[in-house]
Amino acid sequence: MFIELLDDSNREIMQEIAEYRIHADLDRLLGFVLMRIEALVAHLGRCLGAIKESQINNPSNGYFHEFINEIRSISTLWANTTEEIYNLLSGEIINIEQFKQLSEISIKYLHAFGLFPKRRPSGDLWIDVPFPNSTDSSH
């Protein structure tokens, strides 16, 4: 079910980015994208929790790698970011440094949809939404 949600969200976000090119309302675009990413990450967390629990009961199962390969069929960047987060949080003890890393890693979910937040020298947030490259294999 997560794979279908990711695939649907990818199409919907690409459509919203195309509409953004016309309306130029960044708040509208971000609201739409962040709402989709929030739903995806919540569902992803449930999936990874179930996978982790199944690995405790059967350490040799390959569910995680199968799941990542399914994600990779839609978005390489989503798969790679998910692997990074899963590996970071799979340890026994979570500390503040890991949470800092988590925030740096999770921004890649925005990158996977073609949005690149940047901080201007003034401190303002700026979102770069470049036109997609037809040869880009990250989506």
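Up top is the structure these notes are about.
About the cut-offs
- Residues numbered from 1 in each chain as written.
- Predicted model: local features only at pLDDT ≥ 70, side-chain atom pairs only at ≥ 80, totals over all residues.
- Heavy atoms only, no water.
- Phe/Tyr/Trp six-rings, centres within 6.5 Å; stacked < 30°, edge-to-face > 60°.
- Helix = DSSP H or I, 4+ residues; strand = E, 2+ residues; numbered from the N terminus.
- Buried < 20%, exposed > 50% of the residue type's maximum accessible area, 1.4 Å probe, protein only.
- Salt bridge = Lys/Arg side-chain N within 4 Å of Asp/Glu carboxyl O.
- Core = buried A, V, L, I, M, F, W, Y, C linked by side-chain atoms within 4.5 Å.
- Contact = heavy atoms within 4.5 Å.

K.L.:
Would you take a moment to explain the packing of aromatic side chains for this structure?
P.N.:
Given two aromatic rings, one states the distance between the centres and the angle between the planes to describe the pair. Tallied over the entire structure, the rule returns five aromatic pairs. Ring geometry for phenylalanine 64 versus tyrosine 86: centroids 4.1 Å apart, planes at 20°, classification stacked. On the criterion of sequence distance, the pair formed by phenylalanine 64 in helix α3 (residues 63–72) and tyrosine 86 in helix α4 (residues 76–89) is long-range, its members being 22 residues apart. With respect to class, phenylalanine 64 is no different from tyrosine 86; both count as buried.

K.L.:
How should the pattern of salt bridges be read in this particular structure?
P.N.:
Opposite charge on two side chains makes pairing possible when the charged atoms of those side chains draw close. Overall, the coordinates contain nine salt bridges when judged by the stated rule. Here arginine 11 and aspartate 7 are joined by a salt bridge, their closest N and O atoms 3.0 Å apart. Placement of both arginine 11 and aspartate 7 in helix α1 (residues 2–23) is noted, with a separation of four residues, approximately one turn of the helix. Using a relative accessible area of 48% as the deciding quantity, one classes arginine 11 as partly exposed.

K.L.:
Please clarify how the nonpolar core should be interpreted in this entry.
P.N.:
Across soluble globular proteins, nonpolar side chains have a tendency to be buried as a group. Ranked by internal contacts, the top residues of the largest apolar core, which has 35 residues, are Phe2, Phe67, Ile71, Trp78 and Leu115. When residues of this core are traced back to their parent elements, those giving at least two are α1, α2 (26–57), α3, α4, α5 (96–106) and α6 (108–112). Ranked by the residues each element gives to this core, the list is headed by α2, at 10 residues. Setting aside chain neighbours within four positions, we find tryptophan 78 in contact with Phe2, Leu6, Leu40, Val41, Leu44, Ile71, Tyr109, Ala112 and Phe113.

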